[in-house]
Amino acid sequence: MSLILDHVNYIYGEDTSMAVAALRDVNLVMGDGEFIGLIGHTGSGKSTLVQQLNGLLAPTSGSVYFNGNDIGDKDYNRKELRSKVGLVFQYPEHQLFEVTVFEDVCFGPKNLGLSPKEVELRAYEALKQVGISDEQFYQSPFELSGGQKRRVAIAGVLAMKPDILILDEPTAGLDPKGRDEILGQIRKLKEETGMTIILVSHSMEDVAEYVDRIIVMNQGSVIFDGLPREVFRHYDELEKIGLAAPQMTYVMNRLQQEGFSVNADAITIEEAKQEILKSLKRG
Amino acid sequence: MGIIKAINLAFEYIRRDEEGNVEGILRAVDGVNLDIEQGDFIAILGHNGSGKSTLAKHFNALLHPTEGSVWVEGKDTADAASVWDIRQTAGMVFQNPDNQIIGQVVEEDVGFGPENLSVPTEQIWERVEESLKAVGMYKFRKHSPNKLSGGQKQRVSIAGVIAMHPRCIILDEPTAMLDPNGRKEVIRAVRALNQAEGITVILITHYMEEVVYADKVYVMDDGKVVMQGEPRTIFSQVEELRRLRLDVPQVTELAYELKKSGLPLPDGILTIDELVEELKKLKCSGTGVDYVIDS
Amino acid sequence: MLRDITLGQYYQTESVIHRLDPRVKLVATICYILSLFLVDSVWGYLAAGLFLAVMIRLSHVPFKFMVKGMKAIILLLALTVAFNLFLTPGEPLVSVWKLTITKEGVRVAVMMAVRLTFLIIGSSVMTLTTTPNNLTDGMEKLMKPLRKIRVPVHEIAMMMSIALRFIPILLEETDKIMKAQIARGADFESGSILKKARALVPLLVPLFISAFRRANDLAMAMEARCYRGGDNRTKMKPLIYQRRDRLAYIVLALYLVGCFVIG
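Let us look at the structure shown here. Just so it is clear, the structure is predicted and the values come from calculations on it, not from any experiment.

Structural notes on the overall build of chain C
Looking only at helices and strands, chain C has 11 helices and 2 strands in total. Written out in order from the N terminus, the α and β elements of chain C read α-α-α-α-α-β-β-α-α-α-α-α-α. For 263 residues, the compact-globule formula gives about 18 Å, and the C-alpha radius of gyration of chain C, at 24 Å, lies well above that figure. With the C-alpha coordinates aligned to their principal axes, the bounding extent of chain C is approximately 65 × 55 × 40 Å. Counting across all 263 residues of chain C, residues that qualify as buried make up 41%. Long-range contacts, defined as pairs at least 24 residues apart, comprise 74% of the intrachain contacts of chain C with a sequence gap of at least 6. Summed over all atoms, the accessible surface of chain C reaches about 15,100 Å², with 70% contributed by carbon and sulfur. Both charge centroids of chain C, one from 34 positive and one from 18 negative side chains, sit 2 Å from each other.

In structure tokens form, the structure reads like this:
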């Protein structure tokens with residue numbers, strides 16, 4: 001299960017005078033149960049990139065391969081691809097339309113032409129995976145809270161049983177608790193199913209403690225790609241393009257400059273705490 | 001009396017079924033007392049559904065109290081005759097940048113408020129110019145709002161309110177839909193207005209780092225004000241904030257955790273500088289070392 | 001990228017026509033269209049064509065943009081010409097199978113073609129040189145007398161300008177929802193008409209909900225900014241006739257008189 005991007009370029013409005021290069025020579029390999037954070041600010045090309053991954057947009061030049069097949073091929077089954085590479089858009093609750101939560105989640109698997117029984121089974125499973133309780137199944141999705149609506153929308157994609165799940169800004173507009181809940185739910189999903197998950201976000205701090213690989217985009221290009229702590233070492237460069245590393249990175253670097261013997265790679269508060277206590281102990 | 005005062009304010013949403021029978025009553029704001037001084041920077045915190053937006057809409061007479069009363073510059077918001085004066089005194093900026101811009105050109109949108117207030121044409125132009133300059137959007141005056149970034153659109157919305165010459169500006173989660181850059185832009189503009197023009201600011205948000213500079217913070221939960229005080233006092237209560245579904249800035253949390261482990265740090269550290277300074281003091285005096293060795 | 005679509009087809013440039021008061025352009029366009037149906041001689045059409053040519057020249061808009069508007073009505077034009085060509089009774093000219101082209105037919109067909117072409121290009125001159133906003137303002141002020149018979153002129157104009165502002169936003173939103181549903185396996189392209197119509201439900205329901213939410217937000221934002229209808233509002237950009245506008249009216253009057261005399 002892997003996605004490969006090979007020299008992908010994408011230009012919006014190619015034939016017009018307002019052509020904008022949204023992706024510039026992007027080369028990436030993703031898959032095999034990775035948990036990836038795709039970071040960049042608005043307009044960095046990250047949303048364009050994820051739409052390449054399930055064939056919603058086709059590269060202007062270059063190719064995208066899923067499991068070794070070029071998804072741009074004429075006879076490639078893109079409908080099947082979309083069920084394998086599930087994409088949850090930003091504010092996904094805005095796309096809900098059915099009368100009940102359950103029916104809405106059935107929409108995806110139904111489109112795959114599965115038997116009614118299989119459709120319902122999958123919808124049930126998906127709703128359970130995102131933590132929606134049985135009583136809410138037959139409520140109107142519009143009666144749920146913001147965070148719950150979003151889970152239902154995520155379930156709508158999960159019900160297609162994708163191998164790779166991409167979530168575009170899954171925490172946008174949620175309060176801190178709602179944000180932690182949804183990210184916790186995604187982590188749990190990752191642990192239980194082992195599927196590849198790509199979190200698209202503009203906040204390093206939000207995804208830092210969850211993912212095991214971070215890809216940073218700026219002006220359509222991938223500028224960093226690696227373990228979170230490796231990427232955060234470039235906090236100066238990140239700052240310049242308007243992305244901040246987690247606050248802990250700054251604290252630890254400042255302390256290091258002030259002569260504390262701490263490891264500046266600490267990302268979480270717990271790690272930072274241990275480092276500081278250790279350094280004070282050494283005197 | 002301050003510029004905005006709420007006395008025992010309560011507001012109920014009444015839900016009705018299809019026949020119009022009352023299905024349920026939601027008490028969104030419940031017994032709130034506030035007194036906001038002219039020129040202050042006030043932050044109202046709370047998780048989604050805590051009643052903070054409902055409260056804010058009362059300051060602008062968009063909602064009227066079910067019980068109690070709200071006074072803006074000594075005028076009762078329940079008095080229909082003073083509604084327009086109140087809306088001019090206390091301007092409001094909303095969450096979604098797309099849904100509050102009326103004009104098709106930036107400058108025309110900023111002129112919308114003054115037009116409604118029957119300001120003479122020449123003065124409208126003066127006001128539009130000064131307001132756009134105040135939020136740093138003057139060079140975009142001829143642009144279409146559709147082509148601006150989220151942060152820029154919110155600054156245009158703020159300019160649209162300032163052009164009405166309010167004494168107070170209420171911002172209802174103005175940064176919730178923006179990326180970090182946009183958020184910084186907007187908060188910077190708001191702070192400048194507060195400091196340079198002396199406009200009272202009431203900022204409603206759930207981002208902690210935005211309230212660090214406030215003069216006073218109110219925390220809401222379940223329609224009630226459950227905490228109030230200076231940011232430092234509020235942020236020293238980490239456990240309580242967590243219980244209220246809120247964050248604290250990561251540095252504050254780190255300082256809190258270090259303190260829990262026994263380091264003698266002061267309460268409510270808000271910035272990286274403060275933390276580094278305090279830790280340096282500890283290192284020199286060797287107090288921290290004592291503790292860690294003892295344990 | 002849908003936000004880049006400019007509605008109407010305003011062409012941004014500097015020209016005397018661009019600077020004219022929108023009311024002048026509206027009135028002139030209506031008068032010009034009337035004049036096309038008034039004249040009935042070659043000289044009349046020549047005058048109309050000349051007038052139009054001068055206007056295009058003054059507007060600084062490249063001619064190809066003017067012709068763009070023609071593409072939409074090319075079929076209509078062809079049909080009109082064909083009907084008049086074959087169905088006008090009179091002195092036969094050529095006869096093919098059951099169809100006869102008469103001398104009168106040719107005359108009428110040519111006349112109709114010229115009229116339609118002038119009409120479309122004439123209105124294009126207006127839309128290409130006036131922003132939709134400006135046009136709404138002009139209409140509002142021109143229709144003001146209708147308020148006496150209780151036509152809500154200000155409200156109509158406000159509705160038009162809000163629509164103009166939100167159409168690009170809603171277009172982009174449609175695109176987004178459509179993509180989201182395609183990602184869930186929806187198919188908007190293949191299938192029978194019935195199937196296609198049913199496929200629109202997942203698109204239209206969220207779109208309507210969003211439109212209502214936006215309308216609600218906007219109404220509140222307008223109220224918060226003291227909007228209370230058109231009474232007593234001042235204008236940031238009031239429409240005031242300048243010397244050039246009065247001059248334009250004189251030119252227009254001269255043209256109309258000319259048409260009468262010649263036509």
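Quick notes on the interface of chain A and chain B
How big an interface is tends to be stated in terms of accessible area lost as the parts join. The interface is formed by 34 residues belonging to chain A together with 30 residues belonging to chain B. Carbon and sulfur atoms supply 62% of the area buried between chain A and chain B, which totals about 3,100 Å² over both sides. The largest contributions to the chain A side of the interface with chain B come from Asp175, Ile269 and Leu280 of chain A, which together make up 19% of the buried area. Between chain A and chain B we count 5 salt bridges in total. Its salt-bridge partner being Asp273 of chain B, residue Arg254 of chain A comes within 2.6 Å of it at the nearest N-O pair. Going through the elements one at a time, α6 (176–193), α10 (247–257) and α11 (269–282) of chain A are the ones with two or more residues in the side of chain A that touches chain B. Sort the elements by how many residues they give to the side of chain A that touches chain B and α11 of chain A lands first, with 7 residues. For the side of chain A that touches chain B, the residue count by class is 15 nonpolar, 9 polar and 10 charged.

Observations concerning the sheet that holds strand β2 (residues 22–36) of chain B
Residue and element names in this part refer to chain B. Strand order in the open sheet formed by 4 strands is β2-β1-β4-β5, with antiparallel pairing between adjacent strands. The sheet is open, and its two borders are formed by β2 and β5 (75–76), each paired with just one other strand. In this structure, strand β4 (residues 67–72) lies alongside β5, joined through 2 bridges in antiparallel fashion. Bridge pairing in β5 places Val72 opposite Lys75.

Some thoughts on the side chain of Glu115 of chain B
The residue Glu115 of chain B is located in helix α3 (residues 106–116) in this model. Within polar-contact distance, the side chain of Glu115 of chain B engages the backbone nitrogen of Met236 of chain C at 2.8 Å. Apart from the residues within four sequence positions on either side, Glu115 of chain B is in contact with Ile124 of chain B together with Asn232, Arg233, Thr234, Lys235, Met236 and Lys237 of chain C.

Some words on the pattern of salt bridges
As a working rule, side chains carrying opposite charge can pair if their charged atoms are close by. If you walk through the whole model with that rule in mind, you get 55 salt bridges over all chains. Two residues, Glu257 of chain B and Lys273 of chain A, come together in a salt bridge whose shortest N-O distance is 3.9 Å. Here Glu257 of chain B is found in helix α9 (residues 250–260), whereas its partner Lys273 of chain A is found in helix α11 on a different chain. Summarising the burial analysis for this pair, Glu257 of chain B and Lys273 of chain A share the class buried. Of the charged contacts in the structure, one is a salt bridge between Glu257 of chain B and Lys260 of chain B, with a shortest N-O distance of 4.0 Å. Of this pair, Glu257 of chain B and Lys260 of chain B both sit in helix α9, 3 residues apart, which is roughly one turn of the helix. The exposure class of Glu257 of chain B is buried, given its relative accessible area of 12%.

A short note on the interface of chain C and chain B
Taken together, the contact between chain C and chain B spans 30 residues of the former and 41 residues of the latter. Both faces considered, chain C and chain B share a buried interface measuring about 3,300 Å² in area, 51% of it formed by carbon and sulfur atoms. Counting the contacts that link chain C with chain B gives 5 salt bridges. Salt-bridge contacts for Glu223 of chain C lead to Arg87 of chain B; the nearest nitrogen and oxygen are separated by 3.3 Å. At the level of elements, α8 (153–183) and α10 (201–224) of chain C are the ones that each hand at least two residues to the side of chain C that touches chain B. Of the residues forming the side of chain C that touches chain B, the biggest block, 9 residues, is contributed by α10 of chain C.

What to know about the packing of helix α5 (residues 150–162) of chain B against helix α6 (residues 180–197) of chain B
Residue and element names in this part refer to chain B. Between α5 and α6, the shortest axis-to-axis distance is 8 Å and the interhelical angle comes to 20°. In terms of orientation, α5 and α6 fall into the roughly parallel class. As α5 packs across α6, the resulting crossing turns out to be right-handed. Of the residues in α6, those touching α5 at Gly151, Gln152, Gln154, Arg155, Ile158 and Ile162 are Gly182, Glu185, Val186, Ala189, Val190 and Leu193. Looking at side-chain class alone, the contact of α5 with α6 contains 6 nonpolar, 4 polar and 2 charged residues.

Concerning the environment of Tyr256 of chain B
Residues and elements named next belong to chain B. One can find Tyr256 in helix α9. Here the alpha-carbon distance between Tyr256 and Gly39, two residues 217 residues apart in the chain, equals 32 Å. Those residues in contact with Tyr256 that lie beyond four places of it in its chain are Ser236, Val238 and Glu239.

Cut-offs used in this document
- Residues numbered from 1 in each chain as written.
- Chains lettered and ligands numbered in written order.
- Predicted model: local features only at pLDDT ≥ 70, side-chain atom pairs only at ≥ 80, totals over all residues.
- Heavy atoms only, no water.
- Helix = DSSP H or I, 4+ residues; strand = E, 2+ residues; numbered from the N terminus.
- Rg over C-alpha atoms; globule rule 2.2 N^0.38 Å.
- Buried < 20%, exposed > 50% of the residue type's maximum accessible area, 1.4 Å probe, protein only.
- Contact = heavy atoms within 4.5 Å.
- Areas by Shrake-Rupley, 256 points an atom, 1.4 Å probe, with all protein chains shown as cover.
- Lys, Arg positive; Asp, Glu negative; His and termini not counted.
- Charge placed at Lys NZ, Arg CZ, Asp CG, Glu CD.
- Buried area = accessible area lost by both parts, 1.4 Å probe.
- Salt bridge = Lys/Arg side-chain N within 4 Å of Asp/Glu carboxyl O.
- Nonpolar A, V, L, I, M, F, W, Y, C, P; charged D, E, K, R; others polar.
- Pairing = 2+ DSSP bridges.
- Polar contact = N/O pair within 3.5 Å; in protein donor to acceptor, adjacent residues only side chain to side chain.
- Axes fitted to C-alpha atoms, helices over the stretch in contact; angles between N-to-C directions.
- Parallel < 35°, antiparallel > 145°, perpendicular 65-115°, else oblique.
- Left-handed = near helix turned anticlockwise from the far one by under 90°.

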